[in-house]
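Commentary on secondary and tertiary structure
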Amino acid sequence: MKTAALVISLCLFGTQPAFAQDPSQCGFIQESNYRSLCRALAEKNSSQCGFITESDLRSMCRAMTNKDSSQCGFINNSDQRSMCRALTVSR
């Protein structure tokens, strides 16, 4: 659930127009999976997702950076899968 809370908070901040996306700040994150997720989202670069070792988080990262909900199908946790689909839906 820690993963879901982090992803939700990153997404909520990312939707605000005043949010400065500064990937240099990601270097201060101790946990490597979250550091890679931060860089991927801040740089809008899915290649950073490849450094994430947790498979559900890696799929979520790819889905969000590429805005590709098909990646959500690779997430085993049903709550995270649903959240992923909700966050990557095209509008």
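Everything in this summary refers to the structure shown in the same document. Because the structure is predicted, anything quoted here is derived from the model rather than measured.

Below, the discussion takes up unusual backbone geometry. Even without glycine at this site, Lys-44 takes up a positive phi of about 55°. Among the structural elements, Lys-44 can be located in the loop between helix 2 (32-43) and helix 3 (55-66). The backbone of Lys-67 sits at a positive phi, close to 50°, despite the residue not being glycine. Mapped onto the elements, Lys-67 comes out in the loop between helix 3 and helix 4 (78-88).

Next up on the list: the environment of Gln-21. Structurally, Gln-21 is set in the loop between helix 1 (2-14) and helix 2. Overall, the relative accessible area of 31% leaves Gln-21 in the partly exposed class. For the pair Gln-21 and Cys-38, spaced 17 residues apart in sequence, the C-alpha to C-alpha distance is 9.5 Å.

Cut-offs and rules
Residues numbered from 1 in each chain as written. Predicted model: local features only at pLDDT ≥ 70, side-chain atom pairs only at ≥ 80, totals over all residues. Heavy atoms only, no water. Helix = DSSP H or I, 4+ residues; strand = E, 2+ residues; numbered from the N terminus. Buried < 20%, exposed > 50% of the residue type's maximum accessible area, 1.4 Å probe, protein only.

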